[in-house]
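Observations on chain architecture
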Amino acid sequence: FSSRSSLKTINIPSSVTEIDWGAFSGCSSLVSVNIPEGVTLIEDRAFSGCSSLTSVDIPEGVTVINTSAFSGCSSLQSVNIPDSVKSIGSSAFSGCSKLTSISMSDNITSIGSSAFSGCSSLSAVEFPAKVTNLADSLFYGCPQLTSLDFLPSAIYSIGDSAFAETGLESVTLPSTVTSLGDEAFSGCENLTSFTIPEGMTLYYCGRSILTNCAALTTVSIPAEYAAIWDYTFDGCSSLQAIEIPNGATEASFSGCTNLAEVVLPDGMTTVYFRNCSNLTEVTLPASIKSIGENAFYNCTALAEITLPTSLKT
């Protein structure tokens with residue numbers, strides 16, 4: 001369309017079966033659209049950037065909502081996703097900042113990365129039970145999302161930044177989770193407690209999963225998940241005391257400004273306490289062979305440190 005920005009309404013003919021790539025992309029004045037019953041596919045970026053579009057009724061028969069189909073529809077408040085839809089593409093609804101709730105049927109088996117990222121008003125989600133792997137950045141930047149209650153009972157993996165910068169207040173991971181991505185819960189400013197349940201089989205755990213969770217005070221992580229300590233707590237400024245389990249080799253507490261007490265197990269090789277301004281005393285285990293640059297930078301309350309005889313660098 002040569003004058004996309006002035007198009008306000010459109011009725012798509014009933015003979016149309018697919019809405020093609022970028023068909024209405026950038027129609028910033030479009031407030032309503034009639035999608036006919038015969039449509040089965042909504043292609044990439046079909047309605048992206050339609051910033052005046054307030055609601056969409058997707059007809060029964062549509063099976064795929066492709067990549068960025070409705071991304072940037074910043075006025076979109078409600079969307080009907082019919083039972084016929086089986087797949088939602090990456091960034092399909094990203095940046096829909098007024099979307100408050102979304103309901104998805106259990107026929108959906110695939111949801112792409114960042115599908116709902118930047119949906120800053122999203123507070124209610126009905127999630128499909130057949131989706132067992134949460135893609136990267138799936139709910140990144142959804143500050144009104146306060147709990148994981150909407151997740152089905154069997155979730156096997158949580159992708160990188162899947163819940164980063166959300167409004168989650170307390171997290172107990174489902175016991176079915178076997179993979180936890182980098183920065184999965186980073187920047188959750190309201191998160192006060194985080195629990196990995198006993199008996200959970202975690203095959204992969206990424207870095208920095210709780211970085212910059214400034215309200216975090218309570219952490220429960222079984223000893224067998226020692227690898228989770230790598231950069232996990234940087235910027236957790238409310239954390240006051242923590243015991244690192246045996247088996248952990250690296251830990252970083254940079255920016256934990258209220259941390260006063262930490263127990264380091266034997267076997268640790270690397271640790272950082274940058275900007276831990278409330279830390280008063282540290283005893284390093286014999287396994288520490290080197291101390292890196294700025295390891296205790298700006299630890300202004302540190303009065304005593306015991307260095308092991310094994311220290312070489």
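Residues numbered from 1 in each chain as written. Predicted model: local features only at pLDDT ≥ 70, side-chain atom pairs only at ≥ 80, totals over all residues. Heavy atoms only, no water.

1. A few points about the overall build of the protein
Scanning the protein from N- to C-terminus turns up 0 helices and 24 strands. Seen through its C-alpha atoms, the protein measures out along the principal axes to roughly 80 × 40 × 30 Å. Looking at the protein residue by residue over its 313 residues, the buried ones come to 49%. Here the analysis covers contacts within the protein between residues at least 6 apart in sequence; of these, 23% occur between residues at least 24 apart. (Helix = DSSP H or I, 4+ residues; strand = E, 2+ residues; numbered from the N terminus. Buried < 20%, exposed > 50% of the residue type's maximum accessible area, 1.4 Å probe, protein only. Contact = heavy atoms within 4.5 Å.)

2. Focus on the side chain of serine 68
Within the secondary structure layout, serine 68 lies in the loop between strand S6 (64-65) and strand S7 (78-80). The residues contacting serine 68, other than those within four sequence positions of it, are Arg45, Ser48, Ser90, Ser91 and Ala92.

3. Concerning the sheet that holds strand S14 (residues 170-172)
Within the open sheet, the 3 strands sit side by side as S14-S16-S18. Their pairing is parallel. In the strand order of this sheet, the two ends are held by S14 and strand S18 (218-220), each with one partner. Geometrically, the sheet is characterised by an average inter-axis angle of 5° between neighbouring strands, direction not taken into account. The sheet contact formed by strand S16 (residues 193-195) and S18 spans 3 bridges and is parallel. Within the sheet, the bridge partner assigned to phenylalanine 194 lies in S18 and is valine 219. (Pairing = 2+ DSSP bridges. Axes fitted to C-alpha atoms, helices over the stretch in contact; angles between N-to-C directions.)

4. A closer look at the packing of aromatic side chains
Across all of its chains, the model carries 14 aromatic pairs by this definition. Ring centres of phenylalanine 127 and phenylalanine 139 lie 6.3 Å apart, and the angle between their planes is 50°; this geometry places the pair in the tilted category. Remark: phenylalanine 139 occurs in the loop between strand S12 (133-134) and strand S13 (157-158) and phenylalanine 127 occurs in the loop between strand S11 (124-126) and S12; sequence separation between them is 12 residues. On the basis of relative accessibility, which here comes to 8%, the residue phenylalanine 127 falls in the buried class. Taking relative accessible area as the criterion, phenylalanine 139 reaches 0% and is therefore assigned buried. Taken together, the ring pairs in this structure connect Phe24, Phe47, Phe70, Phe93, Phe116, Phe127, Phe139, Phe150, Phe163, Phe185 and Phe194 into an aromatic cluster. (Phe/Tyr/Trp six-rings, centres within 6.5 Å; stacked < 30°, edge-to-face > 60°.)

5. As for the sheet that holds strand S10 (residues 110-111)
With parallel pairing, 5 strands are arranged side by side in an open sheet as S2-S4-S6-S8-S10. Each edge of the open sheet is held by one strand with a lone partner, namely strand S2 (18-19) and S10. In terms of strand pairing, strand S8 (residues 87-88) meets S10 through 2 bridges, oriented parallel. The partner of serine 87 across the bridge, within S10, is serine 110.

6. Some thoughts on the environment of serine 110
Here serine 110 shows up in strand S10. Here the alpha-carbon distance between serine 110 and phenylalanine 185, two residues 75 residues apart in the chain, equals 22 Å. Residue contacts for serine 110: discarding those within four places in its chain leaves Lys86, Ser87, Ile88 and Val131.

7. Looking at the nonpolar core
Within soluble globular proteins, side chains that are nonpolar tend to cluster in buried spots. In terms of nonpolar packing, the biggest core is built from 100 residues, with Phe163, Phe185 and Phe273 touching the most fellow members. Not counting residues up to four positions away in its chain, the partners in contact with phenylalanine 273 are Phe253, Leu259, Val262, Leu264, Leu279, Val282, Ala295, Phe296, Tyr297 and Cys299. (Core = buried A, V, L, I, M, F, W, Y, C linked by side-chain atoms within 4.5 Å.)

8. Focus: the side chain of serine 117
Here serine 117 shows up in the loop between S10 and S11. Excluding residues within four positions of it along the chain, serine 117 makes contact with Phe93, Ser94, Gly95, Ser137, Leu138 and Tyr140.

9. With respect to the confidence of the model for the protein
Looking at the protein, the pLDDT average stands at 91 and 98% of residues meet or exceed 70. Mean pLDDT in the protein bottoms out at strand S21 (residues 261-263), which sits at 81, and peaks at S8, which reaches 98. (pLDDT = per-residue confidence, 0-100.)

10. Topic: unusual backbone geometry
Phi is positive for glutamate 165, which is not a glycine, with a value near 60°. Examined against the element boundaries, glutamate 165 turns out to sit in the loop between S13 and S14. One non-glycine residue, asparagine 275, lies in positive phi territory at about 60°. In this structure, asparagine 275 sits in the loop between strand S22 (270-272) and strand S23 (281-283). With a relative accessible area of 29%, asparagine 275 lands in the partly exposed category.

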